Amino acid sequence: MTDIPNNENPKLSKDIEAFYKRADAIIELANSQLGSEAHSGQVGASLLYAAARYSASVASIGFVKGSDLAKEKNEIIEFYAKQYRQMLSDNLDDYADNFDKYVQTGSEQK
């Protein structure tokens, strides 16, 4: 897996730069989990679960009762799913455009 490609763009605002830096740190942690006991699919599944768990925690902030949170469940899911769908689409486009740079094929691996 690679770091986020835009993190070296000098035109980024400090907030966006911090956003990418946090994402890079999480990607680095995920990459550190790869090895003989966990392949990329397993690490990816854990990362998705962690994102869902963290998002549920963030979404709960500001609610006084669990029942109020439950009433907003569908809207919360739609919000996060829309965000994820857009980010995944953008990153798939980036990987397709930079495939040779990001992905090692069998002939390039040592």
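Read on for an overview of the structure. Everything numeric here is computed off the predicted structure, so don't read it as measured data.

1. As for the overall build of the protein
Point 1. When helices and strands are tallied, the protein shows 5 helices and 0 strands.
Point 2. The N-to-C order of helical and strand elements in the protein reads α-α-α-α-α.
Point 3. Every one of the 110 residues in the protein was classed for burial, and the buried ones make up 12%.
Point 4. If you take every contact in the protein between residues at least 6 apart in sequence, the share linking residues at least 24 apart comes to 26%.

2. Here's the deal with the pattern of salt bridges
Point 1. Counted according to the given criterion, the structure contains 1 salt bridge.
Point 2. With its nearest N and O atoms 3.9 Å apart, the salt bridge here joins lysine 71 to aspartate 68. Placement of both lysine 71 and aspartate 68 in helix 3 (residues 66-71) is noted, with a separation of 3 residues, approximately one turn of the helix.
Point 3. Assessed through its relative accessible area of 62%, lysine 71 is described here as exposed.
Point 4. According to the relative accessible area criterion, aspartate 68 is partly exposed, its value standing at 23%.

3. Section: the packing of aromatic side chains
Point 1. A complete count under the given rule lists 3 aromatic pairs for this structure.
Point 2. An angle of 50 degrees between the planes, with centres 4.6 Å apart, marks the rings of tyrosine 95 and tyrosine 102 as tilted.
Point 3. When its relative accessible area of 12% is taken as the criterion, tyrosine 102 is described as buried.

4. A closer look at the packing of helix 2 (residues 40-60) against helix 4 (residues 73-97)
Point 1. The contact between helix 2 and helix 4 brings their axes to 11 Å, and the two run at 135 degrees. By the angle class used here, helix 2 and helix 4 are oblique. Note on packing geometry: the crossing formed by helix 2 with helix 4 is right-handed. Residue-level inspection shows Leu48, Ser55, Val58 and Ala59 of helix 2 in contact with helix 4, the latter providing Ile76, Tyr80 and Tyr84.

5. Focus on a nonpolar patch on the surface
Point 1. On the surface, a cluster of nonpolar side chains totalling about 390 Å² of accessible area is made up of Leu48, Tyr84, Leu88 and Leu92.
Point 2. With 3 residues, helix 4 is the single largest residue contributor to the nonpolar patch.
Point 3. Among the residues examined, tyrosine 84 registers a relative accessible area of 43% and is labelled partly exposed.

6. As for the side chain of aspartate 94
Point 1. Looking at the element boundaries, aspartate 94 is found in helix 4.
Point 2. Buried charge without a partner: aspartate 94 forms no salt bridge, and the closest opposite charge is lysine 101, 7.4 Å away.
Point 3. A distance of 2.9 Å separates the side chain of aspartate 94 from the side chain of tyrosine 102, its partner in a polar contact.

What counts, and at which threshold
Residues numbered from 1 in each chain as written. Predicted model: local features only at pLDDT ≥ 70, side-chain atom pairs only at ≥ 80, totals over all residues. Heavy atoms only, no water. Helix = DSSP H or I, 4+ residues; strand = E, 2+ residues; numbered from the N terminus. Buried < 20%, exposed > 50% of the residue type's maximum accessible area, 1.4 Å probe, protein only. Contact = heavy atoms within 4.5 Å. Salt bridge = Lys/Arg side-chain N within 4 Å of Asp/Glu carboxyl O. Phe/Tyr/Trp six-rings, centres within 6.5 Å; stacked < 30°, edge-to-face > 60°. Axes fitted to C-alpha atoms, helices over the stretch in contact; angles between N-to-C directions. Parallel < 35°, antiparallel > 145°, perpendicular 65-115°, else oblique. Left-handed = near helix turned anticlockwise from the far one by under 90°. Patch = residues over 30% accessible without salt bridge, like charges linked within 9 Å, V, L, I, M, F, W, Y side chains within 5 Å. Areas by Shrake-Rupley, 256 points an atom, 1.4 Å probe, with all protein chains shown as cover. Lys, Arg positive; Asp, Glu negative; His and termini not counted. Polar contact = N/O pair within 3.5 Å; in protein donor to acceptor, adjacent residues only side chain to side chain.

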